[in-house]
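Residue-level structure breakdown
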Amino acid sequence: MARLILFGPPGAGKGTQATSLSQLLAIPHISTGDIFRAAIANQSPLGIQAQSYMDRGELVPDEVVIGMIRERLAEPDTQAGWLLDGFPRTLAQADALDRLLAELNQGFDSVVSLIVPEDALVTRMLGRGRKDDTEEVIRRRLQVYQEQTAPLIDYYAKRRCLREVDGLGEVSAVTDRIVAQSLQPQV
Ligand code: B4P
């Protein structure tokens, strides 16, 4: 059973890698971005709330995301393990996850940090062409990442659970690196 957190700047390939890893490891892929995009497509109250933040490249407020993850991790399929993609993204979310996992009596194997240089991130996101992938919104998302999400690198490095993985190259090569570096015992 595996419990993994996929971490990295916007466009690093978290969603791409999570899709292959969840199949390979037979564990549910929990993507906060995908949950929000589905809620926006349905125009549910969650979607209406999230849309204005996502369109501007801002993070959705912590209490909304934390509540959503709390509900998702309570579902029975997570007994087989899980792969978190895009959560946590702030120190408050990381702290909430720690408390939630303590309540559930669960730990996790590692935090996989995908390393991709900024010029490659911008090229990838412009190529993807999602609604929040305009140059202006991409710039804001990268700034928000530096301010609010990058501090988590230290937070997890201090706990010795951070695995930095080169996110450049073929998608399958990146998947192989993640498996080799995050699921094998580290010497
Ligand atoms: P997310 O949906 O998490 O998206 P992302 O960070 O932009 O992209 P990801 O890293 O998953 O990249 P992908 O695989 O698509 O977040 C979107 C928004 O939701 C946030 O800005 C925020 O507003 C909100 N949100 C989500 N979680 C939140 C939270 N916890 N708290 C608050 N707000 C939250 O890859 C990008 C592109 O690169 C794709 O086109 C892909 O095909 C390509 N690619 C991937 N791997 C490649 C490779 N190896 N080589 C070449 N191209 C590659």
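Residues numbered from 1 in each chain as written. Predicted model: local features only at pLDDT ≥ 70, side-chain atom pairs only at ≥ 80, totals over all residues. Heavy atoms only, no water.

Note the cut-off: UniProt positions are given in the numbering used here, feature names are shortened, and annotations may be inferred rather than shown by experiment.
Named according to an unreviewed UniProt entry, the protein is Adenylate kinase originating from Lyngbya confervoides BDU141951. If you open the UniProt record of the protein and go to Catalytic activity (unreviewed entry), you find "AMP + ATP = 2 ADP".

1. Focus: the side chain of Gln 106
Using the following cut-off: Secondary structure elements follow DSSP: runs of H or I no shorter than four residues count as helices, runs of E no shorter than two count as strands, and numbering proceeds from the N terminus. Each residue's exposure class comes from its accessible area (1.4 Å probe, protein chains only) as a fraction of the maximum for that residue type: buried when under 20%, exposed when over 50%, partly exposed otherwise. Polar contact is the term for a pair of N or O atoms within 3.5 Å; when the atoms are in protein, one must be able to donate a hydrogen and the other to accept it, and sequence-neighboring residues count only if both atoms are side-chain atoms. When checking whether two residues touch, look at their non-hydrogen atoms; a contact exists if any pair is within 4.5 Å.
With respect to the helices and strands, the residue Gln 106 is situated in the loop between helix H5 (91-104) and strand S4 (110-115). For Gln 106, a relative accessible area of 14% corresponds to the buried category. Within the structure, the side chain of Gln 106 is placed 2.9 Å from the side chain of Trp 82, a separation counted as a polar contact. Excluding residues that lie within four positions of it along the chain, Gln 106 makes contacts with Arg 3, Trp 82 and Leu 101.

2. Topic: the packing of aromatic side chains
So the rule is basically this: Only Phe, Tyr and Trp rings are paired, with Trp represented by its six-membered ring, and only when their centres lie within 6.5 Å; those with planes under 30 degrees apart are stacked, over 60 edge-to-face, the remainder tilted.
Across all of its chains, the model carries three aromatic pairs by this definition. Here Phe 7 and Tyr 145 contribute two aromatic rings whose centre-to-centre distance is 6.3 Å and whose plane-to-plane angle is 50°, an arrangement assigned as tilted. Here Tyr 145 lies in helix H7 (residues 135-149) and Phe 7 lies in strand S1 (residues 2-7), a separation of 138 residues in the sequence. There is no split in this pair, since Phe 7 and Tyr 145 are both buried. Aromatic side chains Phe 108 and Tyr 156 sit 6.0 Å apart centroid to centroid with 85° between the ring planes, which places their arrangement in the edge-to-face category. One end of the pair, Phe 108, is in the loop between H5 and S4; the other, Tyr 156, is in helix H8 (residues 151-158), with 48 residues separating them in the sequence. The same class applies to Phe 108 and to Tyr 156, which are both buried.

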